[in-house]
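Below are the chains, spelled out letter by letter.
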Amino acid sequence: MTAIEYILFRILRLFRKLPFNILGIGNRKIIFAEYFKDFEKIEAVKGIFGDKTQEILNTLEVELSWIMGYMYVDGSDGHLVISKGYLSSGDKTDIYLDLIHELCHVKQFMDGKELFDPKYEYVDRPTEIEAYRYTVQEARRLGLSDERICLYLRTEWMGENDFRRLARSVNVLIR
Ligand SMILES: [Zn+2]
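Below, the structure is looked at part by part. None of these values were measured; they are calculated from a predicted model.

1. A short note on the coordination of the zinc ion
Turning to step 1, where the next piece is worked out: The protein atoms that coordinate the zinc ion are His-101 (NE2), His-105 (NE2), Glu-128 (OE) and Glu-128 (OE), at distances spanning 2.0 to 2.7 Å.
Turning to step 2, where the next piece is worked out: Each of the 4 donor atoms around the zinc ion contributes to a set of angles spanning 52 to 148°, which defines the coordination as irregular.
Turning to step 3, where the next piece is worked out: Every donor residue of the zinc ion comes from the same chain, spaced as H-x3-H-x22-E. Of this pair, His-101 sits in helix H6 (residues 92-110) while Glu-128 sits in helix H7 (residues 126-141); the two residues are 27 residues apart in sequence, bridging distant segments of the chain. Pair check on accessibility: His-101 and Glu-128 agree, each one buried.

Right, here's the structure in full:
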């Protein structure tokens, strides 16, 4: 097994099999810890929530939805919304990193921070930069190269200039 295969193997183990098909009709809410296994043992997650990690993951609601795209934290009550399509067919390393990113937003929400402050462009928003920096740090710990991290940061709805600005803010080298 190569280092990257080993990382993937470990990440795949973090996704539980649910007693229902996540692609089933309608949106449904589950509890984070019911589906994402052992996250309370991950140092990066403990680094976000500290002593409250277990308690928060055992109560954090996750809405599995037919939204397009990936995942986000709902600004009204701080629950996590995840696209069913992304969860079932997205790259598991990307999903793992997105979860770390969104858990940062969950914490920011709990601390009363404004997640969608319209004063800022997406890539300049302090809450985004903080979440991306933390996620990049975790990606590096997993052994991902800057090239792979760039692939993660580059999304189809982000323009080239925004992508470059974000990569610079989080100290990721673009080749
Ligand atoms: Zn974000």
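Additional details are given in the paragraphs that follow.
2. Here's the deal with the sheet that holds strand E1 (residues 28-31)
The pairing of strands in a sheet comes from backbone hydrogen bonds and takes either a parallel or an antiparallel form.
Turning to step 1, where the next piece is worked out: Ordered in space as E1-E2-E4-E3, the 4 strands form an open sheet in which the pairing is mixed. Each edge of the sheet is formed by a strand with only one pairing partner; in this case those strands are E1 and strand E3 (71-73). Taken over all neighbouring pairs, the strand axes of this sheet differ in orientation by 25° on average, direction set aside.
Turning to step 2, where the next piece is worked out: As judged from the 4 bridges shared by strand E2 (residues 61-65) and strand E4 (residues 80-83), these two strands associate in the parallel manner. Considered in E4, the bridge of Ser-65 is made with Ser-83.
Turning to step 3, where the next piece is worked out: The sheet strands contacting H6 are E3 and E4, and the helix crosses E3 at an angle near 10°.

How each quantity is defined
Residues numbered from 1 in each chain as written. Predicted model: local features only at pLDDT ≥ 70, side-chain atom pairs only at ≥ 80, totals over all residues. Heavy atoms only, no water. Donors = N, O, S within 2.8 Å, 3.2 Å for Na, K, Ca; no water. Tetrahedral: all angles 85-135°; square planar, octahedral: opposite > 155°, others 65-115°. Helix = DSSP H or I, 4+ residues; strand = E, 2+ residues; numbered from the N terminus. Buried < 20%, exposed > 50% of the residue type's maximum accessible area, 1.4 Å probe, protein only. Pairing = 2+ DSSP bridges. Axes fitted to C-alpha atoms, helices over the stretch in contact; angles between N-to-C directions. Contact = heavy atoms within 4.5 Å.

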